[in-house]
Every structure is written in structure tokens, then in C-alpha cells.
2 protein chains.
Amino acid sequence: MSVDLLVKKIKEKGNPSVAGLDPKIDYVPEYIRKKAYEQYGKNLKGASEAIWEYNKGLIDALYDVVPAVKPQSAYYEMYGLCGEEVLHRTIAYAKEKGLYVILDVKRNDIGSTAEAYSKAYLGKVEVEGELFDACPVDCVTVNPFPGIDGVKPFIDDCNKYDIAIFTLAKMSNPSSGELQDLMTDDGKRVYEKIAVKINEWNSDTIGESGYGAVGAVVGATYPEQAVVLRELMPKSYFLVPGYGAQGGGAKGVVPCFNKDGLGAIVNSSRGIMCAYKKGDFKEEQFAEAARAEAIRMKEDITSVL
Amino acid sequence: MSVDLLVKKIKEKGNPSVAGLDPKIDYVPEYIRKKAYEQYGKNLKGASEAIWEYNKGLIDALYDVVPAVKPQSAYYEMYGLCGEEVLHRTIAYAKEKGLYVILDVKRNDIGSTAEAYSKAYLGKVEVEGELFDACPVDCVTVNPFPGIDGVKPFIDDCNKYDIAIFTLAKMSNPSSGELQDLMTDDGKRVYEKIAVKINEWNSDTIGESGYGAVGAVVGATYPEQAVVLRELMPKSYFLVPGYGAQGGGAKGVVPCFNKDGLGAIVNSSRGIMCAYKKGDFKEEQFAEAARAEAIRMKEDITSVL
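Residues numbered from 1 in each chain as written. Chains lettered and ligands numbered in written order. Predicted model: local features only at pLDDT ≥ 70, side-chain atom pairs only at ≥ 80, totals over all residues. Heavy atoms only, no water.

Caption draft 1: Spotlight on the environment of D104 of chain A. Residue and element names in this part refer to chain A. Mapped onto the elements, D104 comes out in strand β3 (residues 100-107). Judged by its relative accessible area of 3%, D104 falls in the buried class. It is 17 Å that separates the C-alpha atoms of D104 and A220, two residues lying 116 residues apart in sequence. Of note is the side chain of D104, whose polar atom sits 2.8 Å from the side chain of K106. (Helix = DSSP H or I, 4+ residues; strand = E, 2+ residues; numbered from the N terminus. Buried < 20%, exposed > 50% of the residue type's maximum accessible area, 1.4 Å probe, protein only. Polar contact = N/O pair within 3.5 Å; in protein donor to acceptor, adjacent residues only side chain to side chain.)

Take a look at the structure:
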């Protein structure tokens, strides 16, 4: 249980950031796409295999710089079964390279169904008394909309294995406030009410690192809210989207960290994946450019902590 | 755009109910499991193929009784790629039999990512200028937590194709109130605020049936809330879980319908799938039992409308 494994990897790399693997097809260098289409056809399979080559290159360039990767499930689901297969391959390869894998799925449902989701990604799937791994990752994102019924199955698996979850609290997108910022009748915003719940759910899962298994997603784009959320959830790790591409900068992420310099991991997807499109890089240098950006980001963030 | 196709199928069958395909492995009759394990092994593949046989039997028995089926993605994802493949096979088979397919995925994310999810299930996926179907269904469930950013990409695809979505408003599970029932400072509950949004999002998508593309998930277990929600979203179709197995009865679903007898489709999963476990049925009669229960449910619901 707890988020100890992630904290260990963050400390080893001295880098509280995670590389998002959200492979939009137009992120993939043309020479990789061309080769994949020639081999597999201009179809879902060809696109999926292009993404695989791209991901593999990125992981090879990043695995000794970042502690974790965060594949976004949507960009694999959109290529159907071929895409799903490449997601599984990407996860396995990242784990082989020692990376902590946060699968961004934002799953949510009633208790019995949440249990099935948790078994798929965090736990084990039983078939006639034997246990199998369906799509094993170290951590998933969870949407708290159904309340504890939908979160408890994940926490139960966190308690069984060395894994963790990040529960949405305050998202990074412009319209996140429509629901999350609603003011309740006791003067607290909905995101604060969620934070109180997360803190409560997290309290029985604290590990050696001082942090528990139930983390929170807190957008870098809302630093003022992050201050409040940090106070409400002192022992929850924060997964922080919105650095770079979505507009948040290094200063914006500071409130997500605790005074010990821990407590948060900052995501960058497009910034790292498309680094080759900026500056003097050739397409073929996409991995080199991604590595340089990941190092720059590490220095940018650690410089303000 | 709009939910016209579903309304048409509901009228044709005279049946405002949908059979949930949530195939927990212990729902599957033992003789089917045994055969699949012998052929494919006691593993994820064997379990997936057992589910396929079961689903196929259910669809064959139900396709002329119910207008729609609702596969719950979690129960397929939990068997990894084999499970996903059986989900795709089940969807294709159900569509071949003329059933409207509501895929229960409760997806949600920031705009760019929601767009990828929508393309995966509702829209088309572009590869070098050509359009492909990744996992085409007629309708998906969507979680409104990110606000309009996360819903608009789905609505855009609804406007392009003859499809619809059901957005979570008030879920059927016991803890759904933790977030959804929070009282806001203007005296409205969060689920009411969501309903106002859904009604607004739905307003530009009204079809010939008088109903729009943006429906709502409203649990049968909360009939009092359903009364309020029905008023707030007069032109949204309701997907109603919680009938039967989750405790809601035929009377509980009445408030979800409009006076025209339309406006809602009631889901039953376990009640139909496991009907053979009640009464004098043999395992081998699971499909017959499911059909009898689906007909009983149709009569139960239509009798109170």
C-alpha cells in the first residue's frame, strides 16, 4: 500500500516529474508514420504501430531521467484493439525499463463495477481460483463522482499491493470549475469537499514515505486552489497536469508541493513529446529533444522548490 | 443527432428497457465456462470466450424483446486484451441483430482527451485523411465532472452522426450523494446544477422525437430526486439503472418517464442475466430464463406507465 514506490523513484532520479504518453498521431514524426504505414497499411494498425515506435523511442530516451510515465488511455482506445494492444506493450516496456506507470483512465462506477476496473489495472483477476494480471500498472487515476463506493475497491487493492491512485480533485481544464468550484452551503467549494474525503480515505494508507495511497489530481493551472488543497490533504501525493502546454509554469506548481520538496509529481505530455518541433531539431532527433526537455523541466521545477 | 434512433427502437418493441451485459464470470453458467476452459485454458482467454458464448446466447434470446443492450466496459477490460476483443465482438453482434448499443464507459477528461474518447466510440478516427471506426457504438455514458470541455467533443460527434450520450446526473449507488447531493449556496443540490447544464447542452440537439442527444443517468433508487430531475431536463432521455437487483422497483422508475410514456429507458443487468438462477430453470435454459425475465420486466414497467 501507499505511494512509497513512486516516492522512492522520484528521490532516485531527483525529479518530481512524469512524462505523459498521450500520443496524438500528429505528434509522431513523419518518418515513423511513413514507415509504419508502409509496413502495416494506412489504417488503425499502421497508426498504432507508429505510436509504438514513437513511445519506445521516448521511453528509451527518458527512462533514466524521469521516475514515471503516464499513458493517457484515450489515445490508445481511439485506435481500437490495435491501440489497446500498443497500450499494453507500452506499459510492459516502461515497467521493464524501471519506470513507475500511472495509467490515466479516470475510471469511475458503482462499487461492483469499480471492483472490476480495479482488478483490471491494480489488482488481480481470478479465473477458477488462479490469479492473472489483465493490464497491470502501478497506479491509476480515479474520478470520485460516485463517492466512496466507487473508490473503495481501488483502495482495497492499494492495501493489498504496493500501489496507489490519484483521485480527481481540481482538474486543469478551463471549465473544471463548472462543477468542481460550486460553492456549498457551508462555505466550502466542491473541490474542498472532495479534498476532505480524499484525506479521510487516505488516512489509513500512510506508508514509510509519510504519504498514503490515495493521491489527488490538482491542475497546475489553478495555483490558488492548490494552496487550499495542499493544506486539506497534507499526506496525499498530487498528480499535477497543466505544466507547460496547458499554461501553468514552474511557479504555478510550487503550491502543490510540501515543504519537504515532496508531495507532488508534475506531468508534461506535449511539452516533452513534441520538443523536437521547437528549436533546431530534426524529426529524427525527437527522442534527443524529448530528453533535453525532460532535463530542462526537471531543473525548472527543482529550481523553485 | 439526437436520440431518435433509440426512441424508434423503443416504440417498435413497445419496451422502454435495456438489457445490461455486465458479465461477471460467476453469472456464466458452469457448462459454458467448463467448455471454454477446456478449449482455451483456465485463463483470461478462457474466461473471455465463456463470456462471449454467454453474451451471444443472451443476445439471441433478447434481440426481439429489448430495443437495446448496455455492455459495461469494466467487465471486459478486466480480462485484458482478450476481454476487450470479446467486447468488440459483442458490440458487433448486437448491432448485427438490430439492437441499439449503449456502451457504459463513463469516460471523462479535458477537451482534447475527451475528443479522443468520443472518436473511439461515437465518431470516426482519421488516419492520413481516411476515416475508420475504432469501436463504434450508438451511445456512451459520460461523466460530467470536467464540465463542458469534457462533454462538448461528444456532443459534436452526436451532431455529426445519429447518436447520443447519457451524462451522469444522479447515480444509483448508496454513496452517490456524497458529491451529487451536496447543497450549493443557492439552495440547489449538485445533481440539480448538473441537470441544468445537461438541459442547456441538450437544447441544440432536439430531434424529431422531441428528445435531444444529451441524456442523463438517473438511478431508480432515488425516485424523489428523479421527480426534480425530470422537470429540469424535460427533453433529455434518462438511462435508469437500479431496477431490480439494485433495489428499485417498477414504481421507482415512474418519475423518470414523461407523461407521453417516453423519456426513459430502464436497465436491468443481473436480473436478466441471472434469471436462470431463480425458479425451476436448468443452467442450459439461461437464455430462455433471460427472455422470460425481460418480458416480465417489460410488462412490469409498461403496466405502471
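Caption draft 2: Spatial organisation of the relation of the copies chain B and chain A. Superposing chain B onto chain A takes a rotation of 180° combined with a translation of 0.0 Å along the rotation axis, leaving an RMSD of 0.0 Å. The relationship between the two copies is best expressed as a two-fold rotation axis. In this assembly the copies share their binding face: 100% of the residues contributing to the interface of chain B also contribute to that of chain A. (Least-squares fit on C-alpha atoms with pLDDT ≥ 70 in both. Contact = heavy atoms within 4.5 Å.)

Caption draft 3: The arrangement of the pattern of salt bridges in detail. Residues and elements named next belong to chain A. For the coordinates displayed, the defined rule picks out 42 salt bridges over all chains. Residue D64 pairs with R291 through a salt bridge whose shortest N-O separation is 2.7 Å. With D64 in the loop between α3 (44-62) and β2 (68-71) and R291 in helix α13 (residues 286-304), the pair connects residues that are 227 residues apart, well separated along the chain. Residue D64 is classed as partly exposed on the basis of its relative accessible area, which comes to 43%. Among the charged side chains, a network of salt bridges with common partners joins K45, E49, E85 and R89. (Salt bridge = Lys/Arg side-chain N within 4 Å of Asp/Glu carboxyl O.)

Caption draft 4: Structural detail: a nonpolar patch on the surface. Residue and element names in this part refer to chain A. On the surface, V254, V304 and L305 cluster together into a nonpolar patch covering about 190 Å² of accessible area. Mapping V304 onto the fold places it in helix α13. V304 gets classed as partly exposed once you look at its relative accessible area, which sits at 30%. (Patch = residues over 30% accessible without salt bridge, like charges linked within 9 Å, V, L, I, M, F, W, Y side chains within 5 Å. Areas by Shrake-Rupley, 256 points an atom, 1.4 Å probe, with all protein chains shown as cover.)

Caption draft 5: Highlighting the side chain of D109 of chain B. As for its placement among the helices and strands, D109 of chain B is situated in the loop between β3 (100-107) and α6 (111-121). Given a relative accessible area of 2%, D109 of chain B falls into the buried group. Among the polar contacts made by the side chain of D109 of chain B, one reaches the side chain of Q72 of chain A at a distance of 3.0 Å. Not counting chain neighbours up to four residues away, the residues in contact with D109 of chain B comprise Q72, D104, K106 and M171 of chain A together with A114, Y117, P146 and G150 of chain B.

Caption draft 6: Representation of helix α2 (residues 30-40) of chain B within the structure. If you check which residues of α2 of chain B are buried, you get I32, R33, A36 and Y37 of chain B. Axial view of α2 of chain B: buried residues confined to an arc of 130°, hence all on one face. Exposed residues pointing more than 90 degrees away from the buried face of α2 of chain B are listed as K34, K35, E38 and Q39 of chain B. Taken together, the buried residues of α2 of chain B touch β4 (125-127) of chain A together with α3 (44-62) and α13 (286-304) of chain B. (Arc of directions from axis to C-beta.)

Caption draft 7: Expanded view of the pairing of strand β10 (residues 264-268) of chain A. Residue and element names in this part refer to chain A. Along β10, 5 of the 5 residues are buried, which leaves the element largely enclosed by surrounding structure. Bridge count for strand β1 (residues 17-21) against β10 is 3 bridges, and the pairing is parallel. Following the sheet pairing, A19 is matched in β10 by S268. Two strands pair when backbone bridges link them, and strand β9 (residues 238-240) and β10 are joined in this way by 3 bridges, in the parallel orientation. For L239, the partnering residue across the bridge sits in β10 and is I265. (Pairing = 2+ DSSP bridges.)

Caption draft 8: Molecular detail of the interface of chain B and chain A. Taken together, the contact pairs 67 residues of chain B with 67 residues of chain A. Summed over the shared surface of chain B and chain A, the result is 8 salt bridges. Taking the shortest distance from any N to any O, the salt bridge between E77 of chain A and R107 of chain B comes out at 3.0 Å. At the junction of chain B and chain A, the tally comes to 34 residue pairs in polar contact (both at pLDDT 80 or more).

Caption draft 9: Layout of the packing of aromatic side chains. Across all of its chains, the model carries 6 aromatic pairs over all chains by this definition. Geometrically, the ring pair formed by Y211 of chain A and Y237 of chain A is edge-to-face, given 4.8 Å between the ring centres and 75° between the ring planes. Placement of the pair is Y211 of chain A in the loop between α9 (190-202) and β8 (214-218) and Y237 of chain A in the loop between α10 (223-232) and β9, with a sequence separation of 26 residues. According to the relative accessible area criterion, Y237 of chain A is buried, its value standing at 1%. For R230 of chain B, the ring lying beneath its charged end belongs to F238 of chain B, and the centroid distance is 4.0 Å. (Phe/Tyr/Trp six-rings, centres within 6.5 Å; stacked < 30°, edge-to-face > 60°. Lys NZ or Arg CZ within 6 Å of the ring centre and 35° of its normal.)

Caption draft 10: Structural context of empty space enclosed by the protein. If you walk through the whole model with that rule in mind, you get 1 cavity of 30 Å³ or more. Roughly 40 Å³ of volume is contained in the largest cavity. E77, G80 and E84 of chain A together with E84, L87, H88, Y121 and C135 of chain B together form the lining of the largest cavity. Those elements giving two or more residues to the lining of the largest cavity turn out to be α5 (80-96) of chain A together with α5 (80-96) of chain B. For the lining of the largest cavity, the element with the most residues is α5 of chain B, which contributes 3 residues. (1 Å grid on protein atoms, 1.4 Å probe; cavity = no way out; pocket = protein on both sides within 12 Å on 5 of 7 lines; lining within 4 Å. Points joined across faces, edges and corners; volume = space filled by probe spheres on them.)

Caption draft 11: Just the pairing of strand β1 (residues 17-21) of chain B, in detail. All names here are of chain B. Taken across its 5 residues, β1 has 5 buried, putting it largely inside the fold. Residues S17, A19 and L21 of β1 are buried on one face, and the alternating residues V18 and G20, pointing to the opposite face, are buried as well. Two elements, β1 and strand β2 (residues 68-71), share 4 bridges in a ladder whose sense is parallel. Residue pairing for β2: A19 is matched across the bridge by V69.

Caption draft 12: Structural detail: the nonpolar core. Ranked by internal contacts, the top residues of the largest apolar core, which has 227 residues, are V140 and I165 of chain A together with V140 and I165 of chain B. Dropping the residues within four chain positions of it, I165 of chain B is found in contact with L122, C139, V140, V142, V151, F154, I155, C158, A213, V214 and G215 of chain B. (Core = buried A, V, L, I, M, F, W, Y, C linked by side-chain atoms within 4.5 Å.)

Caption draft 13: Structural detail: the sheet that holds strand β7 (residues 164-170) of chain A. Residues and elements named next belong to chain A. In spatial order, the strands read β1-β2-β3-β6-β7-β8-β9-β10; together these 8 strands close into a barrel with parallel pairing. Neighbour to neighbour, the strand axes of the sheet diverge by 30° on average, direction disregarded. Against the sheet, α9 engages β7 and β8, with an angle of about 160° to β7. (Axes fitted to C-alpha atoms, helices over the stretch in contact; angles between N-to-C directions.)

Caption draft 14: Just unusual backbone geometry, in detail. Residues and elements named next belong to chain A. Phi is positive for K106, close to 50°, though the residue is something other than glycine. Its identity is not glycine, yet E128 carries a phi of approximately 50°, on the positive side. Along the chain, E128 falls in the loop between β4 and β5 (130-132). For E128, a relative accessible area of 41% gives the class partly exposed.

Caption draft 15: Examining α9 of chain A more closely. Across its 13 residues, α9 of chain A extends 18 Å between first and last C-alpha, which sits within 8% of the 18 Å expected from 1.5 Å per residue. For α9 of chain A, the full list of buried residues reads V190, Y191, E192, I194, A195, I198, W201 and N202 of chain A. (Expected span 1.5 Å × (residues − 1).)

Caption draft 16: Spatial organisation of the sheet that holds strand β8 (residues 214-218) of chain B. Residue and element names in this part refer to chain B. As summarised here, the arrangement of the 8 strands in space is β1-β2-β3-β6-β7-β8-β9-β10, forming a closed barrel in which the pairing is parallel. Sheet twist, expressed as the average angle between the axes of neighbouring strands with direction ignored, equals 30°. Relative to β3, helix α1 (residues 4-13) is tilted by about 130°, and along the sheet it contacts β2, β3, β7 (164-170) and β10 (264-268). With respect to the sheet, α5 is in contact with β1, β2 and β3, its orientation differing from that of β3 by roughly 145°.

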